[in-house]
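# Tertiary structure, described
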Amino acid sequence: MFTLITLPYDRAALEPHMSQETLDFHYGKHHQAYVDNLNKLVAGTDFETASLEEIIRQTAGSQDKAAIFNNAAQVYNHDFFWQNLRPADSTKEPGEKIASAISQAFGSLDSFYVQFKETAMSQFGSGWTWLVKDGDKLAIMKTANADNPLAHGLEPLIAVDVWEHSYYVDYRNRRADYLDAVLRHLLNWEFIENRL
Ligand code: MN3
């Protein structure tokens, strides 16, 4: 049985950048639905006792396993997303290790924000934007719908949801404003640096 992760903060902790109402729907309804659907789909199969990572790697690209892949990946992606955010009142800057890795790859932290936002804005329709580890290099990538870096042999460091349900309550159609808020106010740099 897969279960909805416990948030590492209160549902109102991301305000004013992300409202409790968004968390109530995005975490409480959307994320919960992916967990419930996955449990129904894997009941009685070999995947019942597998980890999310194993299911994602074993079903990626398989037409007849698309529903299992989509729901397992969406559970994984949202687990990752909530954990790479932090309460809005904790003003932690990136640690030295992650800051220098980002500067090396993208020029500066500010230039990283700009490039990440450009990639996220260019995702047509639903999907995700990621900072990934490709060997010892860092890269920004986007994926459509539920697709994620694990399905491509890459390790995620940052996940940002760009499905409309992640910003429509607080920002309506303004994906750019949502991205600024997440990137500049809500990233949990400790979580990200620990995965480097
Ligand atoms: Mn979502």
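The structure presented is a predicted model; accordingly, all values stated were derived computationally and were not measured.

Here we take up the layout of surface pockets. For the largest pocket, the calculated volume is near 150 Å³. Lining the largest pocket, in full, are Ala101, Gln104, Ala105, Lys133, Gly135, Asp136, Lys137, Leu138 and Leu196. Every element with two or more residues in the lining of the largest pocket is listed here: α4 (96–106) and β2 (137–144). Here the element with the most residues in the lining of the largest pocket is α4; it accounts for three residues. Considered class by class, the residues forming the lining of the largest pocket number four nonpolar, two polar and three charged.

Taken as a class, soluble globular proteins show a tendency for nonpolar side chains to be buried jointly. Core analysis: the biggest nonpolar cluster contains 65 residues, and Met18, Trp82, Leu85, Phe112 and Leu131 have the highest contact counts within it. Ranked by residue count, the leading element in this core is helix α3 (residues 66–83), at nine residues. For this core, the domains that each give at least three residues are domain 1 (20–83) and domain 2 (89–194). Other than its neighbours up to four places away in sequence, Phe112 contacts Ile102, Phe106, Leu131, Ile140, Ile158 and Trp189.

So, about the coordination of the manganese ion. For a metal bound by four donors in tetrahedral geometry, the ideal donor-metal-donor angle is 109.5 degrees, whereas six donors in octahedral geometry ideally sit at 90 or 180 degrees. Here the manganese ion is held by His26 (NE2), His78 (NE2), Asp161 (OD) and His165 (NE2), and the distances to it run 1.9 to 2.2 Å. In the primary structure, the donors to the manganese ion are separated according to the pattern H-x51-H-x82-D-x3-H. Here His165 lies in the loop between β3 (155–161) and α6 (168–171) and His78 lies in helix α3, a separation of 87 residues in the sequence. With respect to class, His78 is no different from His165; both count as buried.

Pairing within the open sheet is antiparallel, and its three strands lie in the order β2-β1-β3. The sheet terminates laterally at β2 and β3, the two strands that pair on one side only. Direction aside, the axes of adjacent strands within the sheet are offset by 20 degrees on average. The pairing of strand β1 (residues 127–134) with β2 spans eight bridges and is classified as antiparallel. In the strand pairing of β2, Trp128 is matched with Thr143.

Where the parts come together, the accessible area they lose is often given as the size of the interface. Each assigned domain of the chain is listed here: domain 1 (20–83) and domain 2 (89–194). A straight line from the C-alpha centre of domain 1 to that of domain 2 covers 20 Å. Contacts between the two partners involve 19 residues from domain 1 and, on the opposite side, 23 residues from domain 2. A buried area of about 1800 Å², summed over both sides, lies between domain 1 and domain 2, and 65% of it is on carbon and sulfur atoms. The largest contributions to the domain 1 side of the interface with domain 2 come from Thr22, Phe80 and Phe81, which together make up 31% of the buried area. Remark: the boundary between domain 1 and domain 2 carries one salt bridge. In this structure, the salt-bridge partner of Glu155 is Arg57, at a minimum N-O distance of 3.4 Å. Mapped by element, the contributors of at least two residues to the side of domain 1 that touches domain 2 are α1 (20–42), α2 (52–59) and α3. Looking at the side of domain 1 that touches domain 2 element by element, the count peaks at ten residues for α3.

Analysis parameters
- Residues numbered from 1 in each chain as written.
- Predicted model: local features only at pLDDT ≥ 70, side-chain atom pairs only at ≥ 80, totals over all residues.
- Heavy atoms only, no water.
- 1 Å grid on protein atoms, 1.4 Å probe; cavity = no way out; pocket = protein on both sides within 12 Å on 5 of 7 lines; lining within 4 Å.
- Points joined across faces, edges and corners; volume = space filled by probe spheres on them.
- Helix = DSSP H or I, 4+ residues; strand = E, 2+ residues; numbered from the N terminus.
- Nonpolar A, V, L, I, M, F, W, Y, C, P; charged D, E, K, R; others polar.
- Core = buried A, V, L, I, M, F, W, Y, C linked by side-chain atoms within 4.5 Å.
- Buried < 20%, exposed > 50% of the residue type's maximum accessible area, 1.4 Å probe, protein only.
- Domains from an automatic or database assignment.
- Contact = heavy atoms within 4.5 Å.
- Donors = N, O, S within 2.8 Å, 3.2 Å for Na, K, Ca; no water.
- Pairing = 2+ DSSP bridges.
- Axes fitted to C-alpha atoms, helices over the stretch in contact; angles between N-to-C directions.
- Buried area = accessible area lost by both parts, 1.4 Å probe.
- Salt bridge = Lys/Arg side-chain N within 4 Å of Asp/Glu carboxyl O.

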